[in-house]
Amino acid sequence: MSFPIDLIRPDNLNNEFISSWFTLRNQEHINPDKLIPGLNLGLNTDEAASVVLNNRKVLTRQIGIGASEIAYADQVHETEVKVVHQAGIYDETDGLVTVVNGIALAIQVADCACVLLGDAKNKVIGAAHAGWRSAAYGILPHTIKKMKLLGAREEYIHAFVSPCISLDNFEVGDEVAAQFPDEFVHRANFAKFHVDLKGFIKSQLIDEGIEAGHILVDNHCTID
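Since the model is a prediction, treat every value here as computed from it, not as a measurement. (Residues numbered from 1 in each chain as written. Predicted model: local features only at pLDDT ≥ 70, side-chain atom pairs only at ≥ 80, totals over all residues. Heavy atoms only, no water.)

## Focus on the pattern of salt bridges
If charged atoms from side chains of opposite charge come close, those side chains can pair.
1) Next: Scanning the entire structure with this criterion turns up 2 salt bridges.
2) Next: K148 is the partner of E154 in a salt bridge, and the nearest nitrogen-oxygen pair spans 3.4 Å.
3) Next: Across the pair E155 and R153 runs a salt bridge, and its minimum N-O distance is 2.4 Å. (Salt bridge = Lys/Arg side-chain N within 4 Å of Asp/Glu carboxyl O.)

## What to know about the pairing of strand β10 (residues 157–161)
1) Next: Burial runs high along β10: 4 of the 5 residues are buried.
2) Next: In terms of strand pairing, strand β8 (residues 113–119) meets β10 through 5 bridges, oriented antiparallel. Bridge pairing in β10 links V115 to V161.
3) Next: Where β10 and strand β14 (residues 215–217) come together, 3 bridges link them in parallel fashion. In the strand pairing of β14, V161 is matched with V217. (Buried < 20%, exposed > 50% of the residue type's maximum accessible area, 1.4 Å probe, protein only. Helix = DSSP H or I, 4+ residues; strand = E, 2+ residues; numbered from the N terminus. Pairing = 2+ DSSP bridges.)

## Re the pairing of strand β3 (residues 70–73)
1) Next: Burial of β3 is two-sided: the residues I70 and Y72 facing one way and the residues A71 and A73 facing the other way are all buried.
2) Next: Pairing of β3 with strand β7 (residues 104–106), which is carried by 3 bridges, proceeds in the parallel orientation. Counted as the bridge partner of A71 is L105 from β7.
3) Next: The pairing of β3 with strand β5 (residues 88–90) spans 3 bridges and is classified as parallel. Within β5, the position partnered with A71 by the bridge is G88.

## Quick notes on unusual backbone geometry
Excluding glycine, most residues fall at negative phi; most peptide bonds, likewise, are trans.
1) Next: A positive phi angle, close to 50°, is found at N31, a residue other than glycine.
2) Next: Mapped onto the fold, N31 is located in the loop between β2 (22–23) and α1 (49–63).
3) Next: Phi is positive for N189, which is not a glycine, with a value near 75°.
4) Next: Within the fold, N189 resides in the loop between β12 (185–186) and β13 (193–195).

Keep in mind that these numbers describe shape and distance, not what the molecule does.
Set out below in structure tokens:
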């Protein structure tokens, strides 16, 4: 690889106890000639498994962890949250939490949000896949509850909400709009309903007791 991977390192979740990353597409300089250009990490995509596994190696080399130290969620857009004690693939789960030092929690998203959570004082971390279904069904309250069972306290939890689909681009039908509180459903200036997924996620985090000042929401849209 001749170029470093472009990624985000949230300021509020990188300290002496917690490290976190969110990778960007990297379409210009990672596998531009492959079926899916960029840093595709999904084994459930149409790309050859060998390409995806090599992408994962490229990533782990840059961030300085081993492939055997990562717990991956095999996501299904539901609300199952697993407590992780070792690396591996966790089937049918959209959230992972752990207190085990040295394990990285991996959530994979396209236009859904990845929400990273950490209580550095009590050394508890969590990661959740928050697409519209899992967000509306309560993946974040479930994840925070599991973190608290491991010793986390809401006043010490910091959260990062990744780039995801924005209000301007998230056009939905009536049945999806009905899953969200009215304050996060907009029709003014749009032909159809649009949902503010980031706003909804932040509101849920605050409702769970996380201080607004502890929440970092990236303002980029994955569609633009």
